[in-house]
Each structure stands twice: as structure tokens, then as C-alpha cells.
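Each chain, written out:
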Amino acid sequence: EAGVAQSPRYKIIEKRQSVAFWCNPISGHATLYWYQQILGQGPKLLIQFQNNGVVDDSQLPKDRFSAERLKGVDSTLKIQPAKLEDSAVYLCASSLDVRTEAFFGQGTRLTVV
Amino acid sequence: QKEVEQNSGPLSVPEGAIASLNCTYSDRVSQSFFWYRQYSGKSPELIMSIYSNGDKEDGRFTAQLNKASQYVSLLIRDSQPSDSATYLCAVSRGNQFYFGTGTSLTVIP
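The model shown is predicted, which means the values in this text are computed figures rather than measured ones. (Residues numbered from 1 in each chain as written. Chains lettered and ligands numbered in written order. Predicted model: local features only at pLDDT ≥ 70, side-chain atom pairs only at ≥ 80, totals over all residues. Heavy atoms only, no water.)

### Some points on the sheet that holds strand β8 (residues 75-79) of chain A
Residues and elements named next belong to chain A.
Now for step 1: Read across the open sheet, the four strands follow the order β1-β3-β8-β7; overall the sheet is antiparallel. Of all the strands in the sheet, just β1 (5-7) and β7 (65-69) have a single pairing partner and so form its edges. Between one strand and the next, the sheet's axes are offset by a mean angle of 15°, whatever the strand orientation.
Now for step 2: Looking at chain direction, strand β3 (residues 19-24) and β8 are connected through five bridges and run antiparallel. Across the sheet, the residue bridging to tryptophan 22 is threonine 76, located in β8. (Pairing = 2+ DSSP bridges. Helix = DSSP H or I, 4+ residues; strand = E, 2+ residues; numbered from the N terminus. Axes fitted to C-alpha atoms, helices over the stretch in contact; angles between N-to-C directions.)

Right under this line is the structure:
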């Protein structure tokens, strides 16, 4: 069974530029998560989708971050404009549903300079 | 109060010893509990899931859940240097999934 796919693996951008990350979850997984993980900290939930509906986006900085889940499968996370403090690893995870274990992609390491 | 709390460590144990990692959660209605391992520079990988009170064993790992006291623990027997990582506790409640900040474990050869 293929795992969660994310791209790109690494991205370096200048502040105020925009960037987008892509995630393809495990086939059949209804729940998709985007997490931000800053070095030395635990993952922080940015947004959670159930199929193509948003369940929780309470910690998503909506003035600069946006996310969508196309047809309940792939998802993109966008930052525009980026700030220095957005430098982090962005992790995508998926699960059959919210009560079951989530599986993570390899993450995208973003550096904003 | 945080949804999930863990001692950040670092926790150091000698090779071959038992490592004990603890996690407490704030909401009694939490339903599902998970332990993830995260190596430096890597993404979290699932070690164990536990859904009911008691112990669940998988190889060298044992998860223990006590819903009355609202804690879940992970025991690693015969610790190996390759077990050195950050261990994340996660809890599912309703439609939401919460992570702790992780405990850093170092196994000393």
C-alpha cells in the first residue's frame, strides 16, 4: 500500500513570496491533516479535512495560509505572503477516520529567508 | 490546560534498560490513543495504538492506558541505541486529534 506522498521535499523562498505544498493521502483515507512542526516542538495542527470538508482550521493563520482538498483526495496548502517565522516542516497525514491512527508523509521543509 | 501533556525530557537510559514514557490528557471523553516515534529530521511514525484500558504489547513495546487517571504510557523493554528519538503521544477526541510536544529519549550504549 502506498503511503502519504508530499512534494516538494525542500523549499527555500524569500519572505513575502508565495509557496504551495501538495499532498496525496493513502487511498481510501477520508481524514487529511496538515501540520506545522517547528524544530524542537510537537506537530501543530493547521487544518483537518473530512473528505473535502473542513473539520478544524482554528489554528490556520487565514490571512496568509489557505488549503483545499480537491474532490476529497489530494490537498494543497498555500502560504502567501511567507514570513520568516513560517520556516518549519509541513507534514501531511491521513487516516481512515479521525478515531484511527494517522500516517504521515515525509514532510516539506520550508526555509524562508 | 493543554489537551495532551508530556515531559519533554531528555530522558536517558542505558542500553538494555526499560524506558518509561508518560502522557496525560485533559478530556475524559478521549477515545483513541497513539504513540509515535520521530527520528531527527524525519516524520512521525506510528508505534502503537490503544483504545481500551489495560496493556497492549507489541514486541519490545507496551502501551498502558488508564482512562480513570487519564494517562497513557509507553514502555520500551531492552532499550537499544536505535530507540533514541522523540516519542509523541497523540489523543483522538470527537473529530479532533491532538499531539503532545514529545519526549526526547536517548539510549546510552
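That shown, we press on.
### Quick look at the pairing of strand β5 (residues 45-50) of chain B
All names here are of chain B.
Now for step 1: Sheet topology note: the strand β4 (residues 32-38)/β5 ladder contains five bridges and is antiparallel. Considered in β5, the bridge of phenylalanine 33 is made with isoleucine 50.
Now for step 2: With antiparallel pairing between neighbouring strands as the criterion, β4 and β5 make up a hairpin whose turn holds six residues, including glycine 41 at a positive phi of roughly 80°.

### Things to note about the interface of chain B and chain A
Now for step 1: Chain B puts 20 residues into the contact, and the matching count from chain A is 20 residues.
Now for step 2: Buried surface at the junction of chain B and chain A, summed over both partners, amounts to about 1,500 Å²; 54% is from carbon and sulfur atoms.
Now for step 3: The largest per-residue losses of area from chain B upon contact with chain A belong to B:Asn95, B:Phe97 and B:Phe99, which jointly make up 31% of the total buried on that side.
Now for step 4: Linking chain B to chain A there are zero salt bridges. (Contact = heavy atoms within 4.5 Å. Buried area = accessible area lost by both parts, 1.4 Å probe. Salt bridge = Lys/Arg side-chain N within 4 Å of Asp/Glu carboxyl O.)

### Brief notes about the nonpolar core
Now for step 1: In terms of nonpolar packing, the biggest core is built from 24 residues, with B:Trp35, B:Val72, B:Leu74, B:Ile76 and B:Tyr87 touching the most fellow members.
Now for step 2: Elements with a minimum of two residues in this core: β3 (19-25), β4, β5, β7 (61-66), β8 (71-76), β9 (85-93) and β11 (103-108) of chain B.
Now for step 3: Once residues lying within four places of it in the same chain are set aside, the contact partners of B:Tyr87 are B:Gln6, B:Leu21, B:Trp35, B:Tyr36, B:Arg37, B:Ile47, B:Leu74, B:Ile76, B:Gly102, B:Thr103 and B:Leu105.
Now for step 4: A:Val4, A:Phe21, A:Cys23 and A:Leu110 belong to the second largest nonpolar core, which has 21 residues in total. (Core = buried A, V, L, I, M, F, W, Y, C linked by side-chain atoms within 4.5 Å. Buried < 20%, exposed > 50% of the residue type's maximum accessible area, 1.4 Å probe, protein only.)

### So, the packing of aromatic side chains
Now for step 1: Counted under the stated rule, the structure contains 13 aromatic pairs over all chains.
Now for step 2: An aromatic cluster is built from A:Tyr33, A:Tyr35, A:Phe104, B:Phe34, B:Tyr36, B:Tyr51, B:Phe97 and B:Phe99, whose rings are joined through pairwise contacts.
Now for step 3: Positioned above the aromatic ring of B:Phe61 is the side chain of B:Arg60, whose terminal nitrogen or guanidinium carbon lies 5.5 Å from the ring centre. (Phe/Tyr/Trp six-rings, centres within 6.5 Å; stacked < 30°, edge-to-face > 60°. Lys NZ or Arg CZ within 6 Å of the ring centre and 35° of its normal.)

### Let's talk about the environment of A:Glu101
Now for step 1: Tracing the sequence through the fold places A:Glu101 in the loop between β9 (88-95) and β10 (103-104).
Now for step 2: Ignoring any residue separated from it by four or fewer positions in sequence, one finds A:Glu101 in contact with A:Ser94, A:Ser95, B:Phe34, B:Tyr36, B:Leu46, B:Ser49 and B:Tyr51.
Now for step 3: Among the polar contacts made by the side chain of A:Glu101, one reaches the side chain of B:Tyr51 at a distance of 2.8 Å. (Polar contact = N/O pair within 3.5 Å; in protein donor to acceptor, adjacent residues only side chain to side chain.)

### Quick look at the sheet that holds strand β1 (residues 4-6) of chain B
All names here are of chain B.
Now for step 1: Strand order in the open sheet formed by five strands is β1-β3-β8-β7-β6, with antiparallel pairing between adjacent strands. The open sheet is flanked by β1 and β6 (54-58), the only strands paired with a single partner. Sheet twist, expressed as the mean angle between neighbouring strand axes with direction ignored, is 20°.
Now for step 2: One ladder, built from six bridges, connects β7 with β8; its direction is antiparallel. In the strand pairing of β8, alanine 63 is matched with leucine 74.

### Considerations on the side chain of B:Thr103
Residue and element names in this part refer to chain B.
Now for step 1: Secondary-structure assignment places threonine 103 in strand β11.
Now for step 2: Taking the relative accessible area as the measure of exposure, threonine 103 reaches 5% and is therefore buried.
Now for step 3: A polar atom in the side chain of threonine 103 sits 2.4 Å from the backbone oxygen of asparagine 7.
Now for step 4: Once residues within four sequence positions are removed from consideration, threonine 103 is found in contact with Gln6, Asn7, Ser8, Gly9, Leu11, Leu21, Ala85, Thr86 and Tyr87.

### Here's the deal with the state of the cysteines
Now for step 1: Summed over the entire model, instances satisfying the criterion amount to two disulfides over all chains.
Now for step 2: A:Cys23 shares a disulfide with A:Cys92; S-S distance 1.9 Å. Between A:Cys23 and A:Cys92 the sulfur-sulfur dihedral comes to about -70°; the bridge is accordingly left-handed. With A:Cys23 in strand β3 and A:Cys92 in strand β9, this residue pair connects regions lying 69 residues apart in the sequence.
Now for step 3: Take A:Cys23: its relative accessible area is 0%, and that puts it in the buried class.
Now for step 4: For A:Cys92, a relative accessible area of 0% puts it in the buried group.
Now for step 5: Disulfide pairing is shown between B:Cys23 and B:Cys89; the S-S distance is 2.1 Å. (Disulfide = S-S within 2.5 Å.)

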